[in-house]
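# Coordinate inspection notes
Chain residues, written in single-letter form:
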Amino acid sequence: MLTNGHRTAYRTCPLCEATCGLELELDAKDRVLSIRGDKADVFSRGFICPKGSALKALHEDPDRVSTPLIRDKGELRPASWDEAFKLIDRRLSPILAQDRNAVAVYLGNPNAHNLSNLLYGRVLTRALSSHNVYSASSVDQIPKQMASALMFGTGTTVAVPDVDRTDHLLILGANPLASNGSLMTAPDMRGRLRALRARGGKLVVIDPRRSRTAEEADEHHFIRPGTDAQLLFAIAHVLFEEDLADPGPRLTEMTAGLELLRELAAGFSPELVSEVCEIAAEEIRRMARELAGAPRAAVYGRIGTCTQEFGTLASWLVDVLNLLTGNLDRAGGAMFPLGAAGHSNAAGPPGRGRGARFGRFSSRVRGLDELFGELPVACLSEEIQTPGVGQVRALITIGGNPVISTPNSDRLDAALDELELMVSLDVYVNETTRHADVILPAPSPLRRSHYDLVLYLFAVRNVAHYSPPVLEPQAELPDEWVTLLRLAGVAAGMGPDADVAALDAGVARALIERELATPGSPVAARSADELLGELEPRVGPERLLDLLLRTGPYGDGFGAQQDGLSLAALEAAPHGIDLGPLQPRLPDALRTAGGRIELVPEPIVADVARLRASLQRGAVDELVLIGRRQLRSNNSWMHNLPVLVKGKPRCTLHVHPKDAQRYRLTDGEPARLRSRTGTVLAQVEITELVMPGVVSLPHGWGHDADGTVQSVASDQPGPNSNVLADELLIDALSGNAVLNGIPVELSPAAA
Ligand SMILES: Nc1nc2c(c(=O)[nH]1)N[C@H]1C(S)=C(S)[C@@H](COP(=O)(O)OP(=O)(O)OC[C@H]3O[C@@H](n4cnc5c(=O)[nH]c(N)nc54)[C@H](O)[C@@H]3O)O[C@H]1N2
Ligand SMILES: Nc1nc2c(c(=O)[nH]1)N[C@H]1C(S)=C(S)[C@@H](COP(=O)(O)OP(=O)(O)OC[C@H]3O[C@@H](n4cnc5c(=O)[nH]c(N)nc54)[C@H](O)[C@@H]3O)O[C@H]1N2
Ligand code: SF4
Ligand SMILES: [Mo]
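To keep things clear, this report deals only with the structure shown in the data block.

The rules behind the values
Residues numbered from 1 in each chain as written. Chains lettered and ligands numbered in written order. Predicted model: local features only at pLDDT ≥ 70, side-chain atom pairs only at ≥ 80, totals over all residues. Heavy atoms only, no water. Helix = DSSP H or I, 4+ residues; strand = E, 2+ residues; numbered from the N terminus. Rg over C-alpha atoms; globule rule 2.2 N^0.38 Å. Contact = heavy atoms within 4.5 Å. Expected span 1.5 Å × (residues − 1). Buried < 20%, exposed > 50% of the residue type's maximum accessible area, 1.4 Å probe, protein only. Polar contact = N/O pair within 3.5 Å; in protein donor to acceptor, adjacent residues only side chain to side chain. Near = heavy atom within 4 Å. Areas by Shrake-Rupley, 256 points an atom, 1.4 Å probe, with all protein chains shown as cover. Nonpolar A, V, L, I, M, F, W, Y, C, P; charged D, E, K, R; others polar. Axes fitted to C-alpha atoms, helices over the stretch in contact; angles between N-to-C directions. Parallel < 35°, antiparallel > 145°, perpendicular 65-115°, else oblique. Left-handed = near helix turned anticlockwise from the far one by under 90°. 1 Å grid on protein atoms, 1.4 Å probe; cavity = no way out; pocket = protein on both sides within 12 Å on 5 of 7 lines; lining within 4 Å. Points joined across faces, edges and corners; volume = space filled by probe spheres on them. Pairing = 2+ DSSP bridges. Core = buried A, V, L, I, M, F, W, Y, C linked by side-chain atoms within 4.5 Å.

What follows covers the overall build of the protein chain. A count of helices and strands for the protein chain gives 26 helices and 29 strands. What you see for the protein chain is a C-alpha radius of gyration of 25 Å, in line with the 27 Å of a compact globule of 751 residues. Expressed as lengths along the three principal axes of its C-alpha atoms, the size of the protein chain is roughly 65 × 65 × 60 Å. Across the protein chain, every contact between residues at least 6 apart in sequence was considered, and the portion connecting residues at least 24 apart equals 74%.

Printed below as a string of structure tokens:
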């Protein structure tokens, strides 16, 4: 407490993957005075972006939903929690009784940044027991998770670039200077990339747009969208052809499939791929030689390599190159982090596991395969709109805005009106939740605790940081785990007032029992009752987190390891605990059935034929659309905060001067952009930042729908780019949506 009654509080920012430490100053009445970067944070060391400080505006936004809302004679009106849950129980239970699959769930991106939802979202989906589970993952990183699971055994065994120690970083389809990094938790990427160059290292960026990250690089190459897999294969080809492929004895011994890879790569010479990628063959050869020649190098690909036609192959090839150059799992290369809690590749017997299993069920209409227990969101509309047994009749959305974020938005927007029931757990009445029959609100981030259970699994340093709520939680806005358990109670047939404390105790006991059944567990000799006793008086996410930390790789093992981690240890460290630089983890981290790195898994081999066929296309004279992330946005939200949207309109269409001339467009004038699924108008910005044949429109805008409650956002100009994204265009292997490289037609709006 400061002398004037003011106090300082520390908290990790929950808005993006960088996990920055924040320092908040509050007055005696608990009003937030300022939010700055926490200089003492062990990971972010004071770094912050404009969104972090905007948490104050988010906290104070009068448009945030503050009570449950229920639809009454067509309009949403405030209601009590009991009234809301009675309505949910009355209308959901009969549908569930007829067909579990008739109830779908969509989980949005904020769930990945929310301890309650990470731990209790699963409880709800399990209680529902429906095949129709969807999430933002299938408009995002599922291809990378699929490739990683096939190669290494689990979907979170993802190699991240050891950016602080590498000498050469090849980035494809990522713009960490705007996004602050993804599947690579690394606050202050600008600082880290500048340090790389300052120590004599090289940064190469492959992107159809000269992004802010490309501006920072030594070298930037434009690439035709959707052709990264061809480029990466050609680099592998050169490595083999010029005898530069050298994983070294350690990796070679634990890898299956090197010879088959050589055969596959033979079909992708730089000369063959050059035309489709629009990169000169000699440049590709030079890239390969420099990658192989660097003392320590890493290849890193992100959303541009995932949300495209060959998303899984491109994601796989990133690690193929890391392995071929001997950089996988070594300092300065691409490494496997070891999170303090919840890391599946750190539990059980080391070096071998069940491996990846996909397609245990498929979507009803299009027959797309399940991955990690969910179906591709590109098929949600058709599952709602196609009659028959198993038709989706009710939808629960949790922290998501699929009407803006997923392909063929107009179709999904219409489909949501056909549902018999829609329930949303969300902080805004947005373009999606405006369709809901019941909206259940969630507290402000400042009123809930935080631990980045998922993002620390992808961090460039091993760290752990727990934040207690900055402000006292309010009884009228319960934490989301309470709401999720109550929903789970309805789904389990317990009615609208299930005993949340009892359900929670059951969740904790089940997690303990799973741990006790895990071979090699540090608490194998203990009993569930004993451990439950030791976790008292904690409840909810804190109880589960304490359990995960204490039984995790750095944990105190409930007394077995003196000085080991526990939640109490994290509570005593408000700036986080640094667990050191990444360490080599192979072969122990492998969970493949064969106990080796599966370099060329069978489903991948099968898909290579599709990639080979793409080479026949040659140079394509077709205009395609890509996206563009912006520092002051967060997907489709945070556009309701004046501090983040002030200034020039940002949702503009970037067009190369050659294309502007070709399509008779004028800078600053509206253009009409058309795809198979829809048409939008967007203001033209003529710029050489984007390559010829490619136009760029940011996603997440288009807030002019009726019935939303976002007074600031709804005044922002610019269309929803996903009106143009085609739900039928997917990465065939993973079902992930193609959001980059969408064929479009362009004309002046006046035409
Ligand atoms: N400020 C801000 N930060 C965010 C978000 C946000 O909306 N705003 N969203 C968060 C989320 S959910 C995520 S998943 C991450 C994503 O993090 P990033 O992957 O870093 O996201 P982008 O900035 O979209 O970078 C993707 C890049 O791929 C390029 N690209 C498009 N198509 C292709 C292609 O076919 N090949 C290649 N090589 N490049 C291509 C685009 O031009 C773009 O520069 O960002 C997170 N951080
Ligand atoms: N064209 C195109 N489309 C894209 C992308 C792209 O690059 N291009 N990127 C894709 C990616 S990577 C992603 S991750 C998706 C994101 O897709 P979604 O997750 O569907 O969309 P968001 O915009 O993140 O919406 C999140 C919503 O959650 C709510 N929310 C915020 N905080 C909380 C909270 O604490 N609790 C609850 N319950 N709700 C909260 C907000 O109201 C917000 O509307 O978009 C995808 N769509
Ligand atoms: S970079 Fe991400 S985590 Fe850091 S302050 Fe900005 S939004 Fe928050
Ligand atoms: Mo994402």
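Across its twelve residues, helix α22 (residues 540-551) extends 17 Å between first and last C-alpha, which sits within 8% of the 16 Å expected from 1.5 Å per residue. Within α22, twelve of the twelve residues are buried, which leaves the element mostly enclosed by the surrounding structure. Among the residues of α22, those classed as buried are G540, P541, E542, R543, L544, L545, D546, L547, L548, L549, R550 and T551.

Tracing the backbone through its elements, the reader meets N114 in the loop between β6 (103-107) and α4 (115-128). One polar contact links the side chain of N114 to the main-chain amide nitrogen of S116, over a distance of 3.1 Å. Excluding residues that lie within four positions of it along the chain, N114 makes contacts with R448 and E480.

Among the 30 residues in the neighbourhood of ligand 2, the closest are listed as Y106, N109, D426, N430 and S636. A distance of 2.4 Å separates an oxygen atom of ligand 2 from a polar atom in the side chain of D426. Here N722 contributes a side-chain N or O atom positioned 2.8 Å from a nitrogen atom of ligand 2. The protein chains hide 97% of the 920 Å² of surface that ligand 2 would expose on its own. Here the residues of the shell around ligand 2 are counted per class, giving twelve nonpolar, 13 polar and five charged.

Quick look at the site of ligand 1 now. Every one of the 31 residues lining ligand 1 counts as a neighbour, but S179, D207, D228, S633 and N635 are closest to it. I206 places a polar main-chain atom, nitrogen or oxygen, 3.1 Å from a nitrogen atom of ligand 1. Across the complex, the protein chains shield 97% of the 920 Å² of accessible surface that ligand 1 would expose by itself. Going through the elements one at a time, α6 (176-179) and α14 (303-306) are the ones with two or more residues in the shell around ligand 1. Here the shell around ligand 1 takes three residues from α6, the largest share from any one element. Residue composition of the shell around ligand 1, grouped by class: eleven nonpolar, 13 polar and seven charged.

Here helix α9 (residues 228-241) crosses helix α12 (residues 270-277) at 160 degrees, and the two axes come no closer than 9 Å. Here α12 runs roughly antiparallel to α9, going by the angle between their axes. Where α9 crosses over α12, the handedness of that crossing is left-handed. Contact residues: α9 offers Q230, L231, A234, H237 and V238, while α12 offers P270, V273, V276 and C277. Of the residues that constitute the contact of α9 with α12, the class distribution is seven nonpolar, two polar and no charged.

The tally for this structure, following the rule as stated, stands at six cavities of 30 Å³ or more. If you add up the space inside the second largest cavity, you get close to 90 Å³. Along its surface, the second largest cavity is lined by C13, L15, C16, A18, T19, C20, F47, I48, C49, K51, G52 and N180.

A word on the sheet that holds strand β11 (residues 219-221). For sheets, the rule is that strands pair by backbone hydrogen bonds, running either parallel or antiparallel. Sheet architecture is open: four strands sit in the order β11-β10-β9-β13, paired in parallel fashion. Of all the strands in the sheet, just β11 and β13 (297-301) have a single pairing partner and so form its edges. Averaged over neighbouring strand pairs, the angle between their axes works out to 15 degrees when direction is ignored. Across five bridges, strand β9 (residues 168-172) lies against β13 in parallel orientation. Across the sheet, L170 pairs through a bridge with V299, a residue of β13. Lying over the sheet, helix α7 (residues 189-198) contacts β9 and β10 (202-206), oriented at roughly 125 degrees with respect to β10. Contacts between helix α13 (residues 281-293) and the sheet are confined to β9, β10, β11 and β13, with β11 contributing the most and set at about 135 degrees to the helix.

What follows is about the sheet that holds strand β16 (residues 421-425). With respect to topology, seven strands assemble into an open sheet ordered β5-β4-β17-β16-β15-β6-β7, the strand pairing being mixed. Both edges of this open sheet fall to β5 (75-78) and β7 (133-135), since each of them pairs with a single strand only. Across the sheet, the mean angle from the axis of one strand to that of its neighbour is 20 degrees, orientation sign disregarded. One ladder, built from five bridges, connects strand β15 (residues 394-398) with β16; its direction is parallel. Pairing of I398 across the sheet is with L425, part of β16. Contacts from α4 reach β6, β7 and β15 within the one sheet, and its direction differs from that of β6 by about 165 degrees.

This part is about unusual backbone geometry. Of note, the bond from E536 into P537 is cis; its omega dihedral lies within 30 degrees of zero at 5 degrees. Tracing the backbone through its elements, the reader meets P537 in the loop between α21 (528-535) and α22. A cis geometry characterises the amide bond from L586 onward to P587, with omega recorded as 5 degrees. Within the element layout of this structure, P587 appears in the loop between β21 (577-581) and β22 (597-598). With a phi angle near 50 degrees, L183 is a residue other than glycine that sits in the positive phi range. By the secondary structure assignment, L183 is in the loop between α6 and α7.

In this section: the nonpolar core. One finds L440 and Y451 to be the most contacted residues of the largest nonpolar core, which totals 106 residues. Core analysis: the next-biggest nonpolar cluster, separate from the first, contains 65 residues, L258, F268, W316 and L323 among them.

By the secondary structure assignment, R100 is in the loop between α3 (81-98) and β6. A residue is classified by how much of its surface remains accessible, and R100, at 30% relative accessible area, is partly exposed. Each C-alpha atom of the pair R100 and L128 lies 6.7 Å from the other, and the pair is 28 residues apart in sequence. Residues within four places of R100 in sequence aside, it is in contact with A127, L128, S129, S130 and A491. Separated by 2.8 Å, the side chain of R100 and the backbone oxygen of A127 make a polar contact.

Quick look at the layout of surface pockets now. Any empty space left between the atoms is revealed when a probe the size of a water molecule rolls over them. As a volume, the second largest pocket reaches approximately 450 Å³. Along the wall of the second largest pocket there are 22 residues; nearest its centre are R628, Q630, R650, H654 and E685. Elements represented by at least two residues in the lining of the second largest pocket include exactly α8 (212-216) and β26 (679-686). Element by element, the count of residues in the lining of the second largest pocket is highest for β26, at three residues. Taken together, the residues of the lining of the second largest pocket sort by class into five nonpolar, seven polar and ten charged.

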